[in-house]
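# Architecture at a glance
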Amino acid sequence: MQEKKIILLASDCESSRWVYHALKEAAGIEAVILEQPVSKKELAKNRIKKTGFVPVMGQVLFSALVVPLLKLQSQKRKTYLVSKYGLNSSAINSSKTHSVSSVNDEACLKAIKLLQPDIIVVNGTRIISKKILQNTNAIFVNMHVGITPYYRGSHGGYWALRNKDAGNFGTTIHLIDAGIDTGAVIKQVFIKPDKPDNFATYPVLQASVGIDALKEVLTNMIAGNYKTIKNSEKGNMYYQPTLWQYLTGGVR
(Lines give C-alpha, C1' and ligand atoms only; values in the text may rest on other atoms or scores of the structure.)
Protein backbone atom coordinates (compact mmCIF):
# COMPACT_ATOMS: atom_id res chain seq x y z
CA MET A 1 0.00 0.00 0.00
CA GLN A 2 1.46 3.35 -1.04
CA GLU A 3 1.77 5.83 1.80
CA LYS A 4 -0.15 9.10 1.59
CA LYS A 5 0.83 12.31 3.32
CA ILE A 6 -2.17 13.74 5.17
CA ILE A 7 -2.37 17.19 6.71
CA LEU A 8 -5.14 18.98 8.61
CA LEU A 9 -6.26 22.45 7.50
CA ALA A 10 -8.51 23.85 10.21
CA SER A 11 -9.57 26.58 12.56
CA ASP A 12 -8.47 26.04 16.15
CA CYS A 13 -11.88 25.06 17.47
CA GLU A 14 -13.15 22.18 19.57
CA SER A 15 -14.28 20.01 16.66
CA SER A 16 -10.90 20.46 14.95
CA ARG A 17 -9.21 19.15 18.08
CA TRP A 18 -11.54 16.13 18.06
CA VAL A 19 -10.71 15.47 14.41
CA TYR A 20 -6.96 15.92 14.90
CA HIS A 21 -6.60 13.50 17.80
CA ALA A 22 -8.85 10.88 16.19
CA LEU A 23 -7.01 10.99 12.87
CA LYS A 24 -3.56 11.18 14.44
CA GLU A 25 -4.14 7.74 15.91
CA ALA A 26 -6.04 6.21 12.98
CA ALA A 27 -4.47 7.62 9.83
CA GLY A 28 -1.54 9.79 10.85
CA ILE A 29 -1.41 13.57 10.47
CA GLU A 30 1.86 14.81 9.00
CA ALA A 31 1.27 18.48 9.82
CA VAL A 32 -1.39 21.02 10.74
CA ILE A 33 -2.23 24.41 9.26
CA LEU A 34 -4.36 26.49 11.62
CA GLU A 35 -6.14 29.65 10.52
CA GLN A 36 -7.27 32.44 12.80
CA PRO A 37 -11.03 32.46 13.37
CA VAL A 38 -13.20 34.93 11.49
CA SER A 39 -14.05 37.86 13.77
CA LYS A 40 -17.71 38.23 14.74
CA LYS A 41 -17.72 41.67 13.12
CA GLU A 42 -16.42 40.32 9.81
CA LEU A 43 -18.80 37.36 9.96
CA ALA A 44 -21.80 39.62 10.56
CA LYS A 45 -20.72 41.96 7.76
CA ASN A 46 -20.44 39.10 5.27
CA ARG A 47 -23.79 37.64 6.29
CA ILE A 48 -25.53 41.01 5.95
CA LYS A 49 -24.34 41.11 2.33
CA LYS A 50 -25.86 37.68 1.69
CA THR A 51 -29.07 37.68 3.72
CA GLY A 52 -29.77 41.27 4.81
CA PHE A 53 -29.63 43.23 8.06
CA VAL A 54 -32.79 41.94 9.80
CA PRO A 55 -31.96 38.19 9.58
CA VAL A 56 -28.43 38.82 10.84
CA MET A 57 -29.71 40.83 13.81
CA GLY A 58 -32.05 37.93 14.54
CA GLN A 59 -29.08 35.56 14.50
CA VAL A 60 -27.13 37.85 16.82
CA LEU A 61 -30.06 37.91 19.27
CA PHE A 62 -30.34 34.12 19.14
CA SER A 63 -26.61 33.76 19.84
CA ALA A 64 -26.70 36.25 22.70
CA LEU A 65 -29.95 35.27 24.42
CA VAL A 66 -30.65 31.61 23.66
CA VAL A 67 -27.43 29.76 22.88
CA PRO A 68 -25.80 30.39 26.30
CA LEU A 69 -28.89 28.96 28.00
CA LEU A 70 -28.92 25.91 25.75
CA LYS A 71 -25.23 25.29 26.43
CA LEU A 72 -25.84 25.56 30.17
CA GLN A 73 -28.80 23.17 30.04
CA SER A 74 -26.85 20.61 28.02
CA GLN A 75 -23.52 20.63 29.90
CA LYS A 76 -24.03 17.17 31.43
CA ARG A 77 -25.32 15.75 28.17
CA LYS A 78 -22.33 17.09 26.23
CA THR A 79 -19.90 15.73 28.80
CA TYR A 80 -21.57 12.34 28.49
CA LEU A 81 -21.38 12.39 24.67
CA VAL A 82 -17.73 13.48 24.62
CA SER A 83 -16.88 10.59 26.96
CA LYS A 84 -19.09 8.06 25.14
CA TYR A 85 -17.53 8.75 21.75
CA GLY A 86 -13.97 9.24 23.03
CA LEU A 87 -13.61 12.80 21.77
CA ASN A 88 -10.32 14.42 22.79
CA SER A 89 -10.58 18.18 23.38
CA SER A 90 -6.95 18.76 24.35
CA ALA A 91 -4.83 21.20 22.36
CA ILE A 92 -3.45 20.26 18.95
CA ASN A 93 0.15 19.28 19.68
CA SER A 94 1.66 18.64 16.27
CA SER A 95 5.34 19.53 16.05
CA LYS A 96 4.64 20.74 12.51
CA THR A 97 2.00 23.42 13.03
CA HIS A 98 1.74 26.39 10.69
CA SER A 99 -0.37 29.37 11.79
CA VAL A 100 -1.97 31.55 9.11
CA SER A 101 -4.39 34.46 9.16
CA SER A 102 -6.66 32.82 6.58
CA VAL A 103 -6.77 29.63 4.53
CA ASN A 104 -6.79 31.90 1.49
CA ASP A 105 -3.67 33.96 2.12
CA GLU A 106 -0.21 33.47 0.64
CA ALA A 107 1.19 32.00 3.87
CA CYS A 108 -1.29 29.13 3.66
CA LEU A 109 -0.47 28.41 0.02
CA LYS A 110 3.24 28.53 0.85
CA ALA A 111 2.75 26.03 3.69
CA ILE A 112 0.81 23.65 1.45
CA LYS A 113 3.50 23.80 -1.24
CA LEU A 114 6.18 23.20 1.40
CA LEU A 115 4.39 20.20 2.88
CA GLN A 116 3.28 18.71 -0.47
CA PRO A 117 0.42 16.65 0.97
CA ASP A 118 -1.59 14.04 -0.89
CA ILE A 119 -4.73 14.60 1.17
CA ILE A 120 -5.84 17.74 3.01
CA VAL A 121 -8.53 17.20 5.66
CA VAL A 122 -10.46 20.43 6.22
CA ASN A 123 -12.45 21.39 9.31
CA GLY A 124 -14.13 24.63 10.33
CA THR A 125 -12.35 27.02 7.98
CA ARG A 126 -13.50 29.85 5.75
CA ILE A 127 -14.66 28.92 2.26
CA ILE A 128 -11.48 27.91 0.42
CA SER A 129 -10.72 29.95 -2.69
CA LYS A 130 -10.06 28.57 -6.16
CA LYS A 131 -6.53 29.93 -5.90
CA ILE A 132 -5.76 27.51 -3.07
CA LEU A 133 -7.69 24.58 -4.52
CA GLN A 134 -6.09 24.84 -7.96
CA ASN A 135 -2.48 25.34 -6.84
CA THR A 136 -1.91 21.89 -5.35
CA ASN A 137 -2.40 18.32 -6.49
CA ALA A 138 -3.75 17.37 -3.07
CA ILE A 139 -7.29 16.11 -2.57
CA PHE A 140 -9.34 18.29 -0.20
CA VAL A 141 -11.73 16.34 2.07
CA ASN A 142 -14.30 17.97 4.36
CA MET A 143 -16.50 16.71 7.20
CA HIS A 144 -19.80 18.60 6.97
CA VAL A 145 -22.29 18.34 9.83
CA GLY A 146 -25.29 18.09 7.54
CA ILE A 147 -26.57 15.90 4.73
CA THR A 148 -25.77 17.44 1.37
CA PRO A 149 -27.18 18.67 -0.91
CA TYR A 150 -30.29 19.16 1.21
CA TYR A 151 -28.59 20.84 4.19
CA ARG A 152 -25.62 22.89 3.06
CA GLY A 153 -24.18 25.68 5.20
CA SER A 154 -24.64 25.72 8.97
CA HIS A 155 -26.50 23.64 11.54
CA GLY A 156 -27.71 20.94 9.18
CA GLY A 157 -28.93 18.71 11.99
CA TYR A 158 -31.10 21.40 13.54
CA TRP A 159 -32.64 22.36 10.19
CA ALA A 160 -33.39 18.73 9.31
CA LEU A 161 -35.36 18.38 12.55
CA ARG A 162 -37.09 21.72 12.08
CA ASN A 163 -38.13 20.64 8.58
CA LYS A 164 -39.53 17.39 10.02
CA ASP A 165 -36.84 15.53 8.11
CA ALA A 166 -35.18 13.60 10.96
CA GLY A 167 -34.07 10.89 8.53
CA ASN A 168 -31.54 13.39 7.18
CA PHE A 169 -29.96 14.19 10.55
CA GLY A 170 -26.34 13.26 9.92
CA THR A 171 -22.94 14.09 8.49
CA THR A 172 -21.39 14.13 5.02
CA ILE A 173 -17.78 13.41 4.07
CA HIS A 174 -17.18 15.06 0.71
CA LEU A 175 -14.54 16.43 -1.60
CA ILE A 176 -14.18 20.21 -1.69
CA ASP A 177 -14.83 22.20 -4.83
CA ALA A 178 -15.31 25.93 -5.42
CA GLY A 179 -18.89 25.89 -4.09
CA ILE A 180 -20.23 25.75 -0.53
CA ASP A 181 -20.69 22.11 0.52
CA THR A 182 -21.28 21.14 -3.11
CA GLY A 183 -18.37 18.73 -3.61
CA ALA A 184 -18.79 15.08 -4.56
CA VAL A 185 -19.98 12.91 -1.67
CA ILE A 186 -17.78 10.07 -0.44
CA LYS A 187 -19.84 8.88 2.53
CA GLN A 188 -22.90 9.94 4.53
CA VAL A 189 -23.77 8.72 8.02
CA PHE A 190 -26.91 9.22 10.07
CA ILE A 191 -27.74 9.34 13.77
CA LYS A 192 -30.87 9.92 15.82
CA PRO A 193 -30.78 12.57 18.57
CA ASP A 194 -32.27 11.65 21.95
CA LYS A 195 -34.70 13.59 24.10
CA PRO A 196 -31.97 15.35 26.18
CA ASP A 197 -30.31 16.75 23.03
CA ASN A 198 -30.73 20.31 21.82
CA PHE A 199 -29.20 22.84 19.42
CA ALA A 200 -25.96 22.79 21.45
CA THR A 201 -25.46 19.02 21.32
CA TYR A 202 -26.67 18.22 17.79
CA PRO A 203 -23.22 19.06 16.31
CA VAL A 204 -21.52 16.83 18.90
CA LEU A 205 -23.61 13.87 17.76
CA GLN A 206 -22.94 14.66 14.11
CA ALA A 207 -19.20 15.11 14.64
CA SER A 208 -19.01 11.83 16.56
CA VAL A 209 -20.38 9.70 13.74
CA GLY A 210 -18.66 11.90 11.18
CA ILE A 211 -15.21 11.31 12.65
CA ASP A 212 -15.69 7.55 12.49
CA ALA A 213 -16.78 7.89 8.86
CA LEU A 214 -13.81 10.14 8.10
CA LYS A 215 -11.39 7.56 9.48
CA GLU A 216 -12.95 4.90 7.26
CA VAL A 217 -12.85 7.19 4.21
CA LEU A 218 -9.17 8.05 4.72
CA THR A 219 -8.26 4.38 5.11
CA ASN A 220 -9.95 3.70 1.76
CA MET A 221 -8.35 6.73 0.11
CA ILE A 222 -4.90 5.63 1.23
CA ALA A 223 -5.63 2.24 -0.34
CA GLY A 224 -6.92 3.95 -3.50
CA ASN A 225 -10.28 2.34 -2.98
CA TYR A 226 -13.04 4.92 -2.78
CA LYS A 227 -15.91 6.18 -4.88
CA THR A 228 -17.70 9.51 -5.05
CA ILE A 229 -21.23 10.56 -5.93
CA LYS A 230 -21.77 13.96 -7.52
CA ASN A 231 -25.08 15.49 -6.54
CA SER A 232 -27.19 16.71 -9.43
CA GLU A 233 -29.38 18.79 -7.10
CA LYS A 234 -28.22 22.14 -5.79
CA GLY A 235 -30.07 21.67 -2.50
CA ASN A 236 -30.59 24.36 0.11
CA MET A 237 -28.28 26.72 1.98
CA TYR A 238 -28.91 27.28 5.68
CA TYR A 239 -27.50 29.63 8.29
CA GLN A 240 -27.85 29.95 12.04
CA PRO A 241 -31.53 30.44 12.98
CA THR A 242 -32.80 33.85 14.01
CA LEU A 243 -34.34 34.33 17.43
CA TRP A 244 -37.84 34.22 16.00
CA GLN A 245 -37.14 31.17 13.81
CA TYR A 246 -35.93 29.27 16.84
CA LEU A 247 -38.82 30.31 19.10
CA THR A 248 -41.42 29.31 16.50
CA GLY A 249 -39.68 26.22 15.16
CA GLY A 250 -40.78 23.67 17.74
CA VAL A 251 -37.27 22.17 17.95
CA ARG A 252 -34.88 22.49 20.89
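Residues numbered from 1 in each chain as written. Predicted model: local features only at pLDDT ≥ 70, side-chain atom pairs only at ≥ 80, totals over all residues. Heavy atoms only, no water.

### Let's talk about the sheet that holds strand β3 (residues 97-100)
- Reading across the sheet, the seven strands line up as β3-β2-β1-β4-β5-β7-β8 and stay open at both edges, with mixed pairing between neighbours. With one partner strand each, in any of the chains shown, β3 and β8 (185-190) form the two edges of the open sheet. Each adjacent strand pair in this sheet contributes to an overall mean axis angle of 15 degrees, direction not counted.
- Where strand β2 (residues 31-35) meets β3, four bridges bridge the pair, whose relative direction is parallel. The residue bridging Ile33 from the neighbouring strand is His98, located in β3.
- Running at roughly 30 degrees to strand β7 (residues 170-175), helix α8 (residues 202-222) makes contact with β1 (6-11), β4 (119-123), β5 (139-144), β7 and β8 of the sheet. (Pairing = 2+ DSSP bridges. Helix = DSSP H or I, 4+ residues; strand = E, 2+ residues; numbered from the N terminus. Axes fitted to C-alpha atoms, helices over the stretch in contact; angles between N-to-C directions. Contact = heavy atoms within 4.5 Å.)

### Remarks on unusual backbone geometry
- The omega torsion of the bond from Thr148 to Pro149 falls at 5 degrees, within 30 degrees of zero and hence cis.
- Mapping Pro149 onto the fold places it in the loop between β5 and β6 (152-153).
- A positive phi angle, near 55 degrees, is found at Lys164, a position not held by glycine.
- Along the chain, Lys164 turns up in the loop between α7 (156-162) and β7.

### Description of the state of the cysteines
- With the rule as written, the count across this model stands at zero disulfides.
- A disulfide-free cysteine, Cys13 has its sulfur positioned 15 Å from the sulfur of Cys108, the nearest such atom.
- Overall, Cys108 belongs to the buried group, its relative accessible area being 0%. (Disulfide = S-S within 2.5 Å. Buried < 20%, exposed > 50% of the residue type's maximum accessible area, 1.4 Å probe, protein only.)

### Focus: the environment of Gln134
- By secondary structure assignment, the location of Gln134 is in the loop between α6 (130-133) and β5.
- Given a relative accessible area of 64%, Gln134 falls into the exposed group.
- Through-space distance from the C-alpha of Gln134 to that of Met57 is 36 Å; in sequence the pair is 77 residues apart.

### Focus on the packing of aromatic side chains
- Summed over all chains, the structure comprises eight aromatic pairs.
- Relative to Phe199, the ring of Tyr158 has its centre 5.4 Å away and its plane inclined at 75 degrees; by these criteria the two rings are edge-to-face. Linking Tyr158 in helix α7 with Phe199 in the loop between β8 and α8, this pair joins segments that are 41 residues apart in sequence.
- For the ring pair Tyr158 and Tyr246, a centre distance of 6.2 Å and an interplane angle of 25 degrees mean the geometry is stacked. (Phe/Tyr/Trp six-rings, centres within 6.5 Å; stacked < 30°, edge-to-face > 60°.)

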